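One-letter residues, chain by chain:
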Amino acid sequence: MKKLWGGRFTKSAEEWVDEFGASISFDQELVQEDLEGSIAHVTMLASTGIISEDEAAKIKDGLKVLKQKAEQGELQYSVKLEDIHLNLESMLTDIVGPVGGKLHTARSRNDQVATDMHLYLRSEVGQIIQFVEELQKSLLEKAEEHVETLMPGYTHLQRAQPISFGHHLMAYFWMLQRDKERLIESLKRINISPLGAGALAGTTFPIDRLQTADLLGFDGIYENSLDAVSDRDFILEFLSNSSILMMHLSRLSEEFILWSSQEFQFIELDDSFATGSSIMPQKKNPDMAELIRGKTGRVYGNLVGLLTVLKGLPLAYNKDMQEDKEGMFDTVKTVAGSLKIFAGMVSTMKVKKQQMEKATKTDFSNATELADYLSDKGIPFREAHEIVGKLVLLCVEKGCYLGDLPLEEYKNAHPQFNEDIYEVLDPANAVQRRNSAGGTGFKQVEAAIEKAKVILNHKEEHAVL
């Protein structure tokens, strides 16, 4: 098969060399974007008089045939033609004849592939934003059900203070909100057009870059042709944003894994998001949560991989940059799948409310309430802290909890203790009293849920498609 760039060469590469250098095995993912870009490009070539209207019409008809075949999965690609661009150009020429060769006028594969990736990420980031919102809705609905469900809050994975389970879930809502805002913000840099930058220096043809940008729905164009073909910041930003997003999902995965264990028994995941053991019939493993936790590492790897590829490259395009695509495709697939799985896991999980609340009564997570109680009576907090610490030690020695100590023991520790301490020690009261802005108090959680509803119902505008 004749190379479309072979005029300068006197011999062909061996087949295995062609296979090593080809990208068609993965960049065929960009087929629709490549065809969209070509239709816009040929429209501009005709409107500027670079080719005739008749030639443009024939080329567009051929591109539409290819678009239909691509949608139906009927295109056959060749490694000999290296990439999606040369494969489609060869197919186009087979359909419309030699006039198909005019499509590449005033264009290089360098600005062509960059355009494809901008179009691809614009669409996929828009989709991922929607998946983030679906997960936020699931968290919001579950949090609203469990505003007054008590659970131990943890620091250092040690029980710290009782909190609302709804409050805990809403922490992830706000993490995802920041993730979504980062993705929305990134669309400003994704939605600009490199088309018309040529190989690196622009072109001598009287092209209209603003027209192609407008036809493709871009907000503007790259102002420098070198930058246009060599920039992969928009992919790096997506990979970075995705890494932060996956980190948040991984943290929640870890909590789901812990909470569904026999040791915690706080939740039970739906059977559709768990698996069994091939040897132990009693097992119900939180495999989907574990997979998401594991896949976070591959997203990190995609980011570090592309940073490493780009770090030593001179301007403008280099073949190294072919390595920008597989990690991007993989990250899109991984993030989208993880978000969809998580939305289902959250909405279907069973919350073991009584087990959670029981846990808040069999620990010392209400100790801070005693320290605050004494502070309210004018005792310096550090002194109050020490007094309560000694009471905790006394309980440990006696094998009981703070609520079990008789009032006499409290009076011995400090005369300011009165009978109302048992109300203060009640976990529900402890949670309800934490009514500072953003706190776990029930009213604060309810207010946060209402604010979150407003955010989801008034979506920020962003150029998704």
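- Per an unreviewed UniProt entry, the chain goes by the name Argininosuccinate lyase and belongs to Cytobacillus gottheilii.

1. Examining the UniProt feature "domain: Argininosuccinate lyase C-terminal" (unreviewed entry) in the chain
Then step 1. In the numbering adopted here, UniProt assigns the feature "domain: Argininosuccinate lyase C-terminal" (unreviewed entry) to residues 364–432.
Then step 2. The span residues 364–432 is 67% helical and 0% strand by assignment, and the distance between its end C-alpha atoms comes to 17 Å.

2. Concerning the state of the cysteines
Then step 1. In this structure the tally under the stated criterion is 0 disulfides.
Then step 2. With no disulfide of its own, Cys395 lies 4.0 Å from the sulfur of Cys400, the closest cysteine sulfur.
Then step 3. Exposure remark for Cys400: the relative accessible area of 14% places this residue in the buried category.

3. With respect to the nonpolar core
Then step 1. Formed by 79 residues in total, the largest nonpolar core has its most connected members in Leu121 and Phe256.
Then step 2. Tallying contributions element by element places helix H6 (residues 109–145) first for this core, with 13 residues.
Then step 3. Not counting the four nearest positions on each side in its chain, Phe256 is found in contact with Ile267, Leu269, Phe342, Met345, Val346 and Met349.

4. Details of the pairing of strand S1 (residues 150–155)
Then step 1. Of the strand pairs in this sheet, S1 and strand S2 (residues 158–164) are connected by 6 bridges, and their pairing is antiparallel. Each bridged residue has a counterpart across the sheet, and for Tyr154 the counterpart in S2 is Arg159.
Then step 2. With antiparallel pairing between neighbouring strands as the criterion, S1 and S2 make up a hairpin whose turn holds 2 residues, including His156 at a positive phi of roughly 60°.

5. Comments concerning the packing of H6 against helix H7 (residues 165–190)
Helix packing geometry: the angle between the two helix axes and the distance between the axes.
Then step 1. The N-to-C vectors of H6 and H7 enclose an angle of 165°; their axes lie 9 Å apart at closest approach. Taken together, the axes of H6 and H7 lie roughly antiparallel to each other. In this structure, H6 meets H7 at a crossing whose hand is left-handed.

6. Observations concerning the packing of aromatic side chains
Then step 1. What the rule picks out here adds up to 11 aromatic pairs.
Then step 2. Ring centres 5.0 Å apart and planes at 85° place the aromatic pair Phe173 and Trp174 in the edge-to-face group.
Then step 3. With relative accessibility at 0%, the residue Phe173 sits in the buried group.
Then step 4. Between Tyr373 and Phe417 the ring centres are 5.7 Å apart and the planes differ by 10°, which places this aromatic pair in the stacked class. With Tyr373 in helix H14 (residues 367–376) and Phe417 in the loop between helix H16 (407–413) and helix H17 (421–425), the pair connects residues that are 44 residues apart, well separated along the chain. Exposure class is identical for Tyr373 and Phe417. Each is buried.

7. Concerning unusual backbone geometry
Then step 1. In this model, Leu315 is joined to Ala316 through a cis peptide bond whose omega is 10°.
Then step 2. Looking at where Ala316 falls in the secondary structure, it is placed in the loop between helix H11 (287–310) and helix H12 (325–348).
Then step 3. For Gln265, which is not glycine, the phi dihedral falls at a positive 55°.
Then step 4. The residue Gln265 is located in the loop between helix H10 (233–259) and strand S5 (267–268) in this model.
Then step 5. The exposure class of Gln265 is partly exposed, given its relative accessible area of 26%.

8. A few points about a nonpolar patch on the surface
Then step 1. A surface patch of nonpolar side chains, about 270 Å² in accessible area, is lined by Leu200, Leu226 and Leu315.
Then step 2. Here Leu200 lies in the loop between strand S3 (192–193) and helix H8 (209–215).
Then step 3. Residue class for Leu200 comes out partly exposed when judged on its relative accessible area of 40%.

9. Notes on the environment of Gln127
Then step 1. Among the secondary structure elements, Gln127 is positioned in helix H6.
Then step 2. Counting along the chain gives 205 residues from Gln127 to Val332, while the straight-line C-alpha distance between them is 9.6 Å.

Conventions and cut-offs
- In this convention, every chain numbers its residues from 1, walking through the sequence in written order.
- Only residues with pLDDT of at least 70 get local features here, since the model is predicted, and only at 80 or more are side-chain atom pairs given and counted; chain-wide, interface and lining totals rely on the full set of residues.
- The side-chain figures draw on all heavy atoms in the structure; neither hydrogens nor water molecules are used.
- UniProt positions are given in the numbering used here, feature names are shortened, and annotations may be inferred rather than shown by experiment.
- In this description a helix means any DSSP run of H or I spanning at least four residues, a strand means any run of E spanning at least two, and both kinds are numbered starting from the N terminus.
- In this description, the term disulfide denotes a pair of cysteine sulfurs within 2.5 Å.
- Classification of residues uses two cut-offs on accessible area relative to the type maximum, computed with a 1.4 Å probe and protein chains only: under 20% is buried, over 50% is exposed, and between them is partly exposed.
- Among buried residues, those of type Ala, Val, Leu, Ile, Met, Phe, Trp, Tyr and Cys that are joined through side-chain atoms within 4.5 Å constitute a nonpolar core.
- Residues are treated as being in contact if the distance between any of their heavy atoms lies within 4.5 Å.
- Pairing between two strands is assigned when DSSP locates at least 2 bridges connecting them.
- Note on geometry: axes are C-alpha line fits, over the in-contact stretch for helices, and angles between N-to-C directions span 0 to 180 degrees.
- By the definition adopted for this analysis, an angle is roughly parallel if under 35 degrees, roughly antiparallel if over 145, roughly perpendicular if from 65 to 115, and oblique otherwise.
- In this scheme the crossing of two helices becomes right-handed for a clockwise turn of the near helix relative to the far one and left-handed for an anticlockwise turn of less than a right angle.
- Each aromatic pair joins two rings of Phe, Tyr and Trp (for Trp, the six-membered one) with centres within 6.5 Å, and gets the label stacked for planes under 30 degrees apart, edge-to-face for over 60, and tilted for any other angle.
- What makes a patch is a set of residues exposed beyond 30% relative accessible area and free of salt bridges, joined within 9 Å when like-charged and within 5 Å when nonpolar (Val, Leu, Ile, Met, Phe, Trp, Tyr).
- Residue burial considers only the protein chains on display, and all accessible areas are found by Shrake-Rupley using a 1.4 Å probe.
- The rule for a salt bridge is simple: a side-chain nitrogen of Lys or Arg has to be within 4 Å of a carboxyl oxygen of Asp or Glu.

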